[in-house]
Amino acid sequence: MSTRRAKLLEATCRVIALRGVRGLRVEEVAAEAGVSKTLIYYHFRDRSGLVTSALEYVNDRAEGYAGVSGDDDAPVRELLLRLLVGEFQDDRAVRENSAVWGEVRAAATFDEGLRPVLATLTERWLVELAEVIEDGQDEGDIPASVDSRAAAIRLTSLVEGLSGRWLAGLLTTAEARSHVAAALERELLPMRRADPQS
């Protein structure tokens with residue numbers, strides 16, 4: 001990604017985090033970036049292209065602070081925890097990312113044009129978590145009875161829900177992380193069979 005394009009996306013993220021997606025105006029992004037509107041339209045075609053590119057940018061940026069690298073030899077449960085609690089940090093960029101993700105997700109309720117990129121990025125997150133869970137199952141650290149995809153859906157949904165409360169100041173970073181850790185432990189317990197007598 002070019003430096004100029006990255007700076008435009010950073011400015012877009014700042015504006016979304018402050019004003020929301022519905023309040024996003026190309027003029028405001030241009031002013032924030034110190035460029036002309038024409039340059040924004042050159043790089044992103046329209047407002048929708050700007051918003052979807054910003055969401056992709058946020059997703060890429062989040063992968064950089066998740067705390068997991070390809071050559072990480074940490075136990076699988078620790079990797080999963082780091083992937084999930086990495087979304088809660090007392091860091092401006094992490095909070096901004098979370099605000100942008102939440103804003104775009106909420107806006108997609110009313111704007112069908114945002115749904116495809118949101119679905120693609122959500123699916124990527126689900127697949128990543130499910131694959132780590134499956135690695136743990138292969139290594140014997142996670143019970144084979146755990147449904148990796150269902151667990152990934154529940155865990156990412158929890159993170160998204162906690163994120164809204166965290167951003168609103170209803171939860172501290174430590175509290176959000178604690179709730180994620182507790183939920184992860186419950187998700188990774190062996191599935192209990194229903195008692196036919198009950």
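Residues numbered from 1 in each chain as written. Predicted model: local features only at pLDDT ≥ 70, side-chain atom pairs only at ≥ 80, totals over all residues. Heavy atoms only, no water.

### Considerations on the nonpolar core
Counting residues in hydrophobic clusters, the biggest one holds 30 residues, and the most contacted among them are Leu80, Leu84, Phe88, Leu129, Ile142 and Val180. Leaving out residues up to four positions away in the same chain, isoleucine 142 has contacts with Val76, Arg77, Leu80, Ile133, Gly136, Gln137 and Leu188. Ranked by size, the runner-up nonpolar core spans 29 residues in total, among them Ala11, Val21, Val104 and Val117. (Core = buried A, V, L, I, M, F, W, Y, C linked by side-chain atoms within 4.5 Å. Buried < 20%, exposed > 50% of the residue type's maximum accessible area, 1.4 Å probe, protein only. Contact = heavy atoms within 4.5 Å.)

### Considering the side chain of threonine 156
Its place among the elements puts threonine 156 in helix α8 (residues 148–167). With relative accessibility at 4%, the residue threonine 156 sits in the buried group. Within polar-contact distance, the side chain of threonine 156 engages the backbone oxygen of alanine 152 at 2.8 Å. Here threonine 156 is in contact with Trp125, Leu126 and Leu129, once residues within four sequence places are set aside. (Helix = DSSP H or I, 4+ residues; strand = E, 2+ residues; numbered from the N terminus. Polar contact = N/O pair within 3.5 Å; in protein donor to acceptor, adjacent residues only side chain to side chain.)

### Details of a negative patch on the surface
A grouping of Glu128, Glu131, Glu134, Asp135, Asp138, Glu139 and Asp141 is seen on the molecular surface, where their side chains present a negatively charged patch. With respect to the helices and strands, the residue glutamate 139 is situated in helix α7 (residues 115–139). Taking relative accessible area as the criterion, glutamate 139 reaches 53% and is therefore assigned exposed. (Patch = residues over 30% accessible without salt bridge, like charges linked within 9 Å, V, L, I, M, F, W, Y side chains within 5 Å. Areas by Shrake-Rupley, 256 points an atom, 1.4 Å probe, with all protein chains shown as cover. Salt bridge = Lys/Arg side-chain N within 4 Å of Asp/Glu carboxyl O. Lys, Arg positive; Asp, Glu negative; His and termini not counted. Charge placed at Lys NZ, Arg CZ, Asp CG, Glu CD.)

### A word on helix α3 (residues 37–44)
One full turn of an α-helix is made of 3.6 residues, so residues set three or four places apart face in the same direction. Buried residues of α3: Leu39, Ile40 and Phe44, and no others. Down the axis of α3, the smallest arc covering the buried residues is 110 degrees, so these residues share one side. Within α3, the exposed residues directed more than 90 degrees away from the buried face are Thr38 and Tyr42. Just past α3, the residue arginine 45 takes up positive phi, approximately 70 degrees. (Arc of directions from axis to C-beta.)

### Considering the pattern of salt bridges
Evaluation of the coordinates by the stated rule reveals 12 salt bridges. Between glutamate 185 and arginine 77 there is a salt bridge, and its shortest N-O distance comes to 3.3 Å. Highlighted residues: glutamate 185 in helix α9 (residues 173–187) and arginine 77 in helix α5 (residues 76–85), separated in sequence by 108 residues. A relative accessible area of 26% places arginine 77 in the partly exposed class. Of the charged contacts, one joins arginine 149 and glutamate 123 as a salt bridge, the two residues approaching to 2.8 Å between their closest N and O atoms. Taken together, the positions of arginine 149 in helix α8 and glutamate 123 in helix α7 put the pair 26 residues apart, joining distant regions of the chain. With a relative accessible area of 32%, glutamate 123 lands in the partly exposed category. Salt bridges linked by common partners bring Arg25, Glu27 and Lys37 together as one network.

### Some words on helix α1 (residues 3–19)
Along its 17 residues, α1 runs 24 Å from first to last C-alpha, staying within 8% of the 24 Å computed at 1.5 Å per residue. For α1, every residue scored as buried is listed here: Ala6, Leu8, Leu9, Ala11, Thr12, Cys13, Val15 and Ile16. Each element contacted by the buried residues of α1 is listed here: α2 (26–33), α3, α4 (47–65) and α6 (92–107). Two residues or fewer after α1 comes glycine 20, characterised by a positive phi angle close to 90 degrees. (Expected span 1.5 Å × (residues − 1).)

### Some words on the packing of aromatic side chains
A full pass over the atoms with the stated rule returns 1 aromatic pair. Over the ring of tryptophan 166 we find arginine 95; its NZ or CZ atom is 4.2 Å from the centre of that ring. (Phe/Tyr/Trp six-rings, centres within 6.5 Å; stacked < 30°, edge-to-face > 60°. Lys NZ or Arg CZ within 6 Å of the ring centre and 35° of its normal.)

### Overview of the environment of glycine 113
Turning to its location among the elements, glycine 113 is positioned in the loop between α6 and α7. The partly exposed category is assigned to glycine 113, whose relative accessible area is 43%. The sequence separation of glycine 113 and arginine 186 amounts to 73 residues, and the corresponding C-alpha distance is 36 Å.

### Re the packing of α4 against α6
Each packed pair of helices is defined by two parameters, the angle between the axes and the distance between the axes. The contact between α4 and α6 brings their axes to 10 Å, and the two run at 140 degrees. Taken together, the axes of α4 and α6 are oblique relative to one another. Relative to α6, α4 is oriented so that their crossing is left-handed. Across the interface between the two elements, Val51, Leu55, Val58, Asn59, Arg61, Ala62 and Tyr65 of α4 pack against Ala93, Val94, Glu96, Asn97, Val100, Trp101 and Val104 of α6. For the contact of α4 with α6, the per-class residue count stands at 10 nonpolar, 2 polar and 2 charged. (Axes fitted to C-alpha atoms, helices over the stretch in contact; angles between N-to-C directions. Parallel < 35°, antiparallel > 145°, perpendicular 65-115°, else oblique. Left-handed = near helix turned anticlockwise from the far one by under 90°. Nonpolar A, V, L, I, M, F, W, Y, C, P; charged D, E, K, R; others polar.)

By themselves, these are just geometric observations and shouldn't be taken as functional.
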